[in-house]
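Residue-level listing of the chains:
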Amino acid sequence: SLITESKIRRQADFVLAIGANGPRWFSLAGYARKKIFPSAYFLDLKARFLPDFAARDPKAPSVVAFVGRLEVEKGFHLFMQAVPFVKHNARFLVIGGGTLEPLIGRAAPEAPRVEMAGVLPMSRVPDFLRTVDIVVLPSTSTNDGWGAVVSEALAAGAAVVVSSKVGASMCVKKYGNGIVVRANTPEDIASAIDHLVDSGSLSSEKRRQRHEWAIAHLDQSAGANYIVNILDHIYRETRRPGSFVDEKIIG
């Protein structure tokens, strides 16, 4: 990029850098820091995820899910390896498909059962996520940039466990939305799941708080307003907007 994008760098007035890892990459690629603004994959969350959080049965097992492509770069193998280390009573669900799907059938007989639900149509994802307490995305690569399932999980009220490779990890720890696993080992993933259960992070009130945070910061209307604020800053010399994860921008 240092070689091929020199003309683009000179002409670009600003750059929307996706996720926790995007701003640093653009900086290393030669873009001026003042032109770099953190950004996200802003989705249509408000219309798809309704704020309906009935109290859960406290005696029921927590529902832990992996949602996405069952590939190494998504860390599906780490999710499967983490399951036996989880101390709390939990149901483990998998939504998606991919080359690592056979790992489900190879789980040790004494390990907790992992239920495979296959690939869901996008229209059914909100209803599924409303039944989930924790979504795990232990990606091993930054190739995805963001990780849309994190936005959807938060909009549904679920807590998340993610690796620092996930672009959406910038929405997690600081805002009470879950845990960023730095070491990204099966043991640490399991420990994060247990901590969320122990800490009361799965209550109806916490689910509602995560939903409201996601709508205020990650919905498409919030993203549109954020970009307008950037345009005003660049072309009308207004105050530089803070990151979309810090400023409450509701459309």
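Residues numbered from 1 in each chain as written. Predicted model: local features only at pLDDT ≥ 70, side-chain atom pairs only at ≥ 80, totals over all residues. Heavy atoms only, no water.

> Explain the packing of helix H6 (residues 148-156) against helix H8 (residues 204-218) residue by residue, including any values.
Geometry of a packed helix pair, given as the angle between the helix axes and the separation of the axes. Between H6 and H8, the shortest axis-to-axis distance is 6 Å and the interhelical angle comes to 130°. Overall, the two elements H6 and H8 adopt an arrangement that is oblique. Facing Ser-151, Leu-154, Ala-155 and Ala-156 of H6, the residues of H8 in contact are Arg-207, Arg-210, His-211, Trp-213, Ala-214 and Leu-218. Per-class residue counts for the contact of H6 with H8 are 6 nonpolar, 2 polar and 2 charged. (Axes fitted to C-alpha atoms, helices over the stretch in contact; angles between N-to-C directions. Helix = DSSP H or I, 4+ residues; strand = E, 2+ residues; numbered from the N terminus. Parallel < 35°, antiparallel > 145°, perpendicular 65-115°, else oblique. Contact = heavy atoms within 4.5 Å. Nonpolar A, V, L, I, M, F, W, Y, C, P; charged D, E, K, R; others polar.)

> Residues and numbers for the environment of Asp-144, please.
Structurally, the position occupied by Asp-144 is in the loop between strand E6 (134-137) and H6. The exposure class of Asp-144 is partly exposed, given its relative accessible area of 28%. Separated by 59 residues in the primary sequence, Asp-144 and Phe-85 place their C-alpha atoms 27 Å from one another. Residues within four places of Asp-144 in sequence aside, it is in contact with Tyr-41, Arg-69, Glu-73 and Lys-74. (Buried < 20%, exposed > 50% of the residue type's maximum accessible area, 1.4 Å probe, protein only.)

> Can you lay out the side chain of Asn-177 for me, pointing to particular residues and giving the numbers?
Considering the arrangement of structural elements, one finds Asn-177 in the loop between strand E7 (159-163) and strand E8 (178-181). The exposure class of Asn-177 is buried, given its relative accessible area of 1%.

> Account for the sheet that holds E8, with residues named and values stated.
Taken together, the 6 strands give an open sheet; going across it, the order is E5-E4-E3-E6-E7-E8, and neighbouring strands pair in parallel fashion. Each having just a single partner strand, strand E5 (114-118) and E8 make up the two edges of the open sheet. Mean inter-strand twist for the sheet, computed between neighbouring axes without regard to direction, equals 20°. Two strands pair when backbone bridges link them, and strand E3 (residues 62-67) and strand E4 (residues 90-95) are joined in this way by 6 bridges, in the parallel orientation. Looking at the pairing, Val-63 lines up with Arg-91 of E4. Helix-sheet contacts for helix H7 (residues 186-198) involve E3, E6, E7 and E8, and the interaxial angle to E8 is about 165°. (Pairing = 2+ DSSP bridges.)

> An account of the packing of aromatic side chains is requested, with residue identities and associated values reported.
The geometry of an aromatic ring pair is captured by two quantities: the separation of the ring centres and the angle between the planes. For the structure on display, the rule yields 11 aromatic pairs. Ring centres of Phe-26 and Tyr-31 lie 5.4 Å apart, and the angle between their planes is 80°; this geometry places the pair in the edge-to-face category. For the pair Phe-26 and Tyr-31, a shared accessibility class is recorded, and that class is buried. The ring of Tyr-31 has Arg-9 sitting right over it, with the charged end atom 6.0 Å from the ring centre. Across the ring face of Phe-37, the terminal group of Arg-240 is positioned such that the distance to the ring centre comes to 4.0 Å. (Phe/Tyr/Trp six-rings, centres within 6.5 Å; stacked < 30°, edge-to-face > 60°. Lys NZ or Arg CZ within 6 Å of the ring centre and 35° of its normal.)

> So what's going on with the nonpolar core? Residues and values would help.
Formed by 42 residues in total, the largest nonpolar core has its most connected members in Phe-128, Val-150, Leu-218 and Phe-244. Counting residues per element, the ones that place at least two in this core are E3, E4, helix H5 (125-129), E6, H6, E7, H8 and helix H9 (220-236). It is H6 that contributes the most residues to this core, 6 residues altogether. If you look at the next biggest cluster of nonpolar residues, it comprises 28 residues, including Phe-66, Leu-78, Leu-100 and Ile-179. (Core = buried A, V, L, I, M, F, W, Y, C linked by side-chain atoms within 4.5 Å.)

> How would you sum up unusual backbone geometry? Please name residues and give values.
Note on backbone geometry: most residues besides glycine have negative phi, and most peptide bonds are trans. Backbone geometry places Asn-184, a non-glycine residue, at a positive phi of 55°. A positive phi angle is found at Glu-237, which is not glycine, with a value near 60°. Mapped onto the secondary structure, Glu-237 falls in the segment after H9.

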